[in-house]
Amino acid sequence: MEYLKAFIVGGIICVFGQILMDRTKLMPGRITVLFVVIGTLLTGFGLYQPIVNFGGAGATVPISGFGYALGKGVMKEVTKEGFVGIFTGGLKATAGGVTAAILFGFLSALLFSPKAKE
Amino acid sequence: MWKHLGEQTIRLESPPTILAASSTVGPKEGQGPLASYFDVILEDVLWGEDTWEKAETKILKETIQRVITKADLTTDQIQYIFAGDLLNQIVATSFAMREFKVPFFGLYGACSTMGESMALASIMIDGGYADYVVAATSSHFCSAEKQFRSPLQLGVQRSLTATWTVTGSGAVVLSKEGLGPYVTHITPGKVIDLGVKDSMNLGATMAPAAADTIINHLLDTNREPDYYDLIITGDLGVIGKQLVLEMAQEYHYDLSKNYTDCGVEIFDPTTQDTHAGGSGCACAAVTLTGYILKEMEKGTFEKVLFIPTGALLSPLSTQQGESVPGVAHAVAIETNLE
Amino acid sequence: MEKIQDKKQQYQQRVEEISPKVNLLASSAKAFFVGGLICTFGQIITNVIKNMGYSSDEAAMITSITLVFIGALLTGVDIYDNIGKYAGAGSLIPITGFANSIVSSAMEFKKEGYIFGLGAKIFTIAGPVLVYGLLASMVVGLYHYLIY
């Protein structure tokens, strides 16, 4: 059951992105920024947590979920450390994903080269 | 003798002959409808080189060497080379020129470069400044994507209006003496910008310039469209072609019987997924040196108006909110002189 | 007769009219399907990790790292761009798309060297997500600090 919820919630979030891609002049780069910022802000106002509670990975895997991690992380650090938490919370929470991206990006570039398209 | 016609057209008094022509294309072009016309079809777009840019240099260099040989000439008989490409600072061309030791004019007309290079080469010969001049250009899908668009492995969905940059090179040797086909008239184009900002719809950005050049050519030479067996633009694609037809119609020129576009002809959109068609400097160049000139040899066409078109954007300009200006240079080619 | 240069408005309108538009229903269906699939796969990973004894938060982090790895691998072997072509937002929006943007940039610009090519340009496409995500998190942090 929770797999179905993840499938549906994740699918719907992606469909929003597709509508923006196909019916507005927004480029993919702007759309992903929009999603992460909206995810972060909604998390700050407590509005993204219910979506996570219902959809699980369907809410955390999309890039808005990255915003959720950022928002949650910064709120946690501010509660714990006060003002300094504003600066440390976001990066602390997403450190794993970002570092992994750099590592695998570097390794992939080391091992693979871009192929011409057919 | 005054060789200027009307607003912007040049009538060549001693029309140069296109002595030889050669084309090299990548595998995708070699699977398209014009495949049988190209001299060399590459198996892969790197051609043994390390980078896309070096491959493009090699493609241009080999094509120019081949066309000089086809003309039964040696490199030291060529007085000037006019060439350019899409890359920043036209590096692919400049580096290829290291091999030739021929005085070189580097050009940037984006995808209209073949028209620009042939125009200037023709003027050199008609003016009595040279006997043999090479006009050439190249483009490469991968180097163009890397510079203007996005990394090759990025998961993008291309717009339906987007065109596919042709990988290849086309070159001609123009000579003072010869038996044709002759370059008889040149109509250099003005830069026209009707405010289209969509860099994924380049056909629409260039169509006004193409229409403007075609209309002015016809007005200057006092000709009707049906004077020509073929009027062919460089890389407007399906959408740009439609727009040119409509704009010409507004000026009471009916192009519907003999007009098409190299970008429309070079790929088959139903099997090759090329959306609006082909683009890139090589699109017009290989279509001319392959398809058009070979059909002129056979007698299918006797009078051709060749109008390569260029979109004058930079990787930064669209990010800065600029629209995309276009330019188109027309070259009139005839099998026989009047 | 009016010169072509003076026909801006009319021309832009005409360009809009004749430029083909994507079938939104079809593209949305594909985005829904692939995006949903990737998220479901993420859910499976999370559950497996949790069963190994990790906490919810740790499981989420490990899931992210795993999906980033998969996105990176599929990019390296020339598969992710084909998925992207088919699925559009379905492959762009999940975190695998984030990985794809980083890896594809790293691969492409490697030719310019490891420092000034790969190193400098690896975040060409993903950079804005990090910059504006972090800035948004600071807004949230400030709000949270002032309210609580």
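Residues numbered from 1 in each chain as written. Chains lettered and ligands numbered in written order. Predicted model: local features only at pLDDT ≥ 70, side-chain atom pairs only at ≥ 80, totals over all residues.

What is the right way to read the nonpolar core from this model?
A general tendency of soluble globular proteins is for nonpolar side chains to be buried together. In this structure, Val67(B), Val133(B), Val134(B), Val172(B), Val173(B), Leu174(B) and Ala210(B) are the most contacted members of the largest nonpolar core, which totals 114 residues. The element best represented in this core is helix 9 (residues 281-298) of chain B, accounting for 11 residues. Residue contributions to this core reach at least three from each of two domains, namely domain 1 (4-175) and domain 2 (183-333) of chain B. Contacts of Val173(B), omitting those with residues within four sequence positions, involve Leu19(B), Ala20(B), Val67(B), Ile68(B), Ala71(B), Leu73(B), Tyr132(B) and Val134(B). By size, the runner-up hydrophobic cluster in this structure holds 72 residues, among which are Ile31(A), Val61(A), Leu67(C) and Ile122(C). (Core = buried A, V, L, I, M, F, W, Y, C linked by C-beta atoms within 7 Å. Buried ≥ 20, exposed ≤ 12 C-beta atoms within 10 Å, placed from the backbone. Helix = DSSP H or I, 4+ residues; strand = E, 2+ residues; numbered from the N terminus. Domains from an automatic or database assignment. Contact = placed C-beta atoms within 7 Å.)

Can you help me understand the domain arrangement of chain B in this one?
All names here are of chain B. Assigned domains within chain B: domain 1 (4-175) and domain 2 (183-333). A C-alpha centroid distance of 17 Å is found between domain 1 and domain 2. Contacts between domain 1 and domain 2 engage 58 residues on the former and 58 residues on the latter. Within the residue set of the side of domain 1 that touches domain 2, elements represented by two or more residues are strand 2 (9-11), strand 3 (17-25), helix 3 (113-126), strand 7 (132-139), helix 4 (141-148), strand 8 (164-165) and strand 9 (168-175). With 7 residues, the top contributor of residues to the side of domain 1 that touches domain 2 is helix 3. Taken together, the residues of the side of domain 1 that touches domain 2 sort by class into 27 nonpolar, 24 polar and 7 charged. (Nonpolar A, V, L, I, M, F, W, Y, C, P; charged D, E, K, R; others polar.)

What exactly am I supposed to notice about the interface of chain C and chain A here?
A common way to report how large an interface is uses the accessible area buried once the components associate. Taken together, the 63 residues of chain C in the interface contact 63 residues of chain A. At the level of elements, helix 2 (24-51), helix 3 (56-76), helix 5 (89-92), helix 6 (95-109) and helix 8 (127-147) of chain C are the ones that each hand at least two residues to the side of chain C that touches chain A. Broken down by element, the residue count for the side of chain C that touches chain A peaks at 15 residues, all from helix 8 of chain C.

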